[in-house]
Amino acid sequence: MHNLTKEFSLIAKYFQREQSSRHDIILGIGDDAAILTPPAESSLAVTTDTMVYGTHFDDSVPVKALGHKLVAVNVSDLAAMGAEPTWLSLALTCPAINELWLSEFTSGFFALADYYHCSLIGGDVTRGPLSLTVTAQGFVPQGKEIRRSGAQPGDRIYVSGQLGDAAAALAGQQGTIALTDIEQARLNKRLFYPTPQVALGQALRAIASSAIDLSDGLASDLQHILHASKVGASIDAGVLPTSLALSTAIPEQQSRVQLQLTGGEDYELCFTVPESRRGSLETVANQLGIEVTCVGVIEGSEGLRVTLNEQPLLLTTAGFNHFGV
Ligand SMILES: [Mg+2]
């Protein structure tokens with residue numbers, strides 16, 4: 001009984017923070033449920049993501065990064081809908097309460113949550129195999145959410161940022177590609193500390209016809225847009241945005257683009273833009289200082305066609321599997 005009391009006070013020490021500055025939280029952590037007031041004329045966007053030890057991460061991931069990433073993957077789903085992230089709930093299952101672990105985890109978790117002015121509004125801690133679940137909620141003006149189903153033939157396909165760094169970091173750790181320590185460290189940053197494209201997602205409400213965030217790899221995530229919109233697409237693998245770290249680590253283009261197309265964990269956005277709004281997109285991207293790259297076009301005939309140097313390219317892996325599980 002004594003131990004249990006001690007555990008509860010430890011949990012409170014790390015998760016219960018001073019009163020949130022968010023005015024939409026009437027009652028936060030500490031009662032049986034949180035009481036919240038979404039703004040008028042807004043829809044609520046809600047998403048849940050789980051990270052399981054042994055499936056989504058292992059001991060190679062710093063605990064602080066785990067906290068960051070758990071927030072990032074959930075917020076990234078809200079960004080893809082054009083929503084503004086606001087509230088987080090956390091369900092944490094762990095084998096034992098370890099104070100050092102809690103301190104590292106919550107420092108990563110709250111650093112990113114605070115950055116987006118997102119508040120933790122509730123949670124649950126249970127004993128068991130390590131597993132982390134966050135439910136993230138956010139607002140989007142009514143009728144303005146960006147769905148996967150709005151792509152039309154002729155729309156251009158864009159991606160934000162650069163692709164493949166996280167997958168290369170994972171491949172390097174697993175020994176499927178050879179990286180120097182410096183290359184591994186550079187690429188690890190993108191794997192461990194992804195940056196969800198929150199500002200871009202909200203700016204795309206009036207511009208994009210569809211959007212998705214890149215968690216499983218461009219080829220498989222784009223397929224979700226194609227299925228939902230009942231269209232097809234062609235993409236040019238030769239123009240995929242590539243970081244200097246990645247092109248240095250994998251100079252050979254064929255294997256690099258395979259990784260960029262099928263590797264996951266980028267947490268960039270893939271979205272479609274009608275021809276008439278491409279100028280608006282360029283203006284917005286410049287204002288935000290975010291790189292966006294047109295990688296292809298939506299077509300009427302179904303299926304995804306990928307070319308590299310004007311030759312058809314066959315994908316060697318269908319999609320991304322965490323740790324090959
Ligand atoms: Mg998603």
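Residues numbered from 1 in each chain as written. Predicted model: local features only at pLDDT ≥ 70, side-chain atom pairs only at ≥ 80, totals over all residues. Heavy atoms only, no water.

Teacher, can you tell me more about the pattern of salt bridges here?
Where charged atoms from two side chains of opposite charge approach closely, those side chains can pair. Taken as a whole and judged by the stated rule, the model has nine salt bridges. Residue Arg 147 is joined to Glu 145 by a salt bridge in which the shortest nitrogen-to-oxygen separation is 2.7 Å. The exposure class assigned to Arg 147 is partly exposed, which follows from its relative accessible area of 49%. Taken together, the shared-partner salt bridges connect Arg 156, Glu 275 and Arg 278 into one network. (Salt bridge = Lys/Arg side-chain N within 4 Å of Asp/Glu carboxyl O. Buried < 20%, exposed > 50% of the residue type's maximum accessible area, 1.4 Å probe, protein only.)

Would you mind going over helix 2 (residues 63-80) with me for this structure?
Since one α-helical turn is 3.6 residues long, residues separated by three or four positions face the same way. For helix 2, spanning 18 residues, the distance from its first C-alpha to its last is 26 Å, which sits close to the expected 26 Å at 1.5 Å a residue. Counting buried positions along helix 2 gives 15 out of 18 residues, so the element sits mostly inside the fold. Backbone geometry just downstream of helix 2 places Gly 82 in the positive-phi region, at approximately 80°. (Helix = DSSP H or I, 4+ residues; strand = E, 2+ residues; numbered from the N terminus. Expected span 1.5 Å × (residues − 1).)

Sorry if this is basic, but what is going on with the nonpolar core here?
Side chains of nonpolar character tend, in soluble globular proteins, to be buried together. Counting 51 residues, the largest nonpolar core has Phe 15, Leu 88, Leu 90, Leu 92, Phe 105, Phe 109 and Leu 132 as the members making the most contacts within it. In terms of residues, this core owes the most to one element, helix 2, which gives eight residues. Two domains each donate at least three residues to this core, and these are domain 1 (2-141) and domain 2 (148-313). Look past the residues within four positions of Phe 105 in its chain and what remains in contact with it is Phe 15, Val 63, Leu 66, Gly 67, Leu 70, Leu 90 and Leu 132. Counting residues in each nonpolar core, the second largest holds 25 residues, with Ala 151, Leu 240, Leu 304 and Leu 313 among its members. (Core = buried A, V, L, I, M, F, W, Y, C linked by side-chain atoms within 4.5 Å. Domains from an automatic or database assignment. Contact = heavy atoms within 4.5 Å.)

Can you help me understand the packing of aromatic side chains in this one?
In this description, a pair of aromatic rings is defined by centroid distance and the angle of the planes. Evaluation of the coordinates by the stated rule reveals seven aromatic pairs. With a centroid separation of 5.7 Å and 75° between ring planes, the pair formed by Tyr 53 and Phe 57 is classed as edge-to-face. An angle of 85° between the planes, with centres 5.2 Å apart, marks the rings of Trp 87 and Phe 139 as edge-to-face. Here Trp 87 is found in strand 4 (residues 84-94), whereas its partner Phe 139 is found in strand 6 (residues 131-141), with 52 residues between them in sequence. Per residue, the accessibility class of Trp 87 equals that of Phe 139, and both read buried. Through a chain of ring-to-ring contacts, three or more aromatic side chains come together here, namely Trp 101, Phe 105, Phe 109 and Phe 110. (Phe/Tyr/Trp six-rings, centres within 6.5 Å; stacked < 30°, edge-to-face > 60°.)

Would you mind showing me how to read the coordination of the magnesium ion here?
Each pair of donors in an ideal four-coordinate tetrahedral metal site encloses 109.5 degrees, whereas pairs in an ideal six-coordinate octahedral site enclose 90 or 180 degrees. Every protein donor of the magnesium ion is listed here as Asp 77 (OD) and Asp 213 (OD), and their distances to the metal cover 2.1 Å. Note that Asp 77 is positioned in helix 2 and Asp 213 in strand 8 (residues 210-213), a separation of 136 residues in sequence. (Donors = N, O, S within 2.8 Å, 3.2 Å for Na, K, Ca; no water.)

Would you explain the sheet that holds strand 10 (residues 269-273) in this entry?
The strands that make up a sheet pair up through hydrogen bonds in the backbone, lying either parallel or antiparallel. Reading across the sheet, the seven strands line up as 8-10-7-11-9-12-13 and stay open at both edges, with mixed pairing between neighbours. Edge strands, defined here as strands with exactly one partner in the open sheet, are strand 8 and strand 13 (311-312). Two elements, strand 8 and strand 10, share four bridges in a ladder whose sense is antiparallel. Paired with Asp 213 across the bridge in strand 10 is Leu 269. (Pairing = 2+ DSSP bridges.)

I'm lost on the packing of helix 4 (residues 165-174) against helix 5 (residues 181-192) in this one. Help?
Helices that pack against each other are described as a pair by the angle of their axes relative to one another and the distance between those axes. Orientation of helix 4 relative to helix 5, taken along the N-to-C sense of each, is 120°, at an axis distance of 7 Å. With respect to each other, helix 4 and helix 5 are oriented oblique. Considering only the axes of helix 4 and helix 5, their crossing is left-handed. The segment helix 4 lies against helix 5, with Asp 165, Ala 166, Ala 168, Ala 169, Leu 170, Gly 172 and Gln 173 engaging Gln 184, Leu 187, Asn 188, Arg 190, Leu 191 and Phe 192. Split into classes, the residues belonging to the contact of helix 4 with helix 5 amount to seven nonpolar, four polar and two charged. (Axes fitted to C-alpha atoms, helices over the stretch in contact; angles between N-to-C directions. Parallel < 35°, antiparallel > 145°, perpendicular 65-115°, else oblique. Left-handed = near helix turned anticlockwise from the far one by under 90°. Nonpolar A, V, L, I, M, F, W, Y, C, P; charged D, E, K, R; others polar.)

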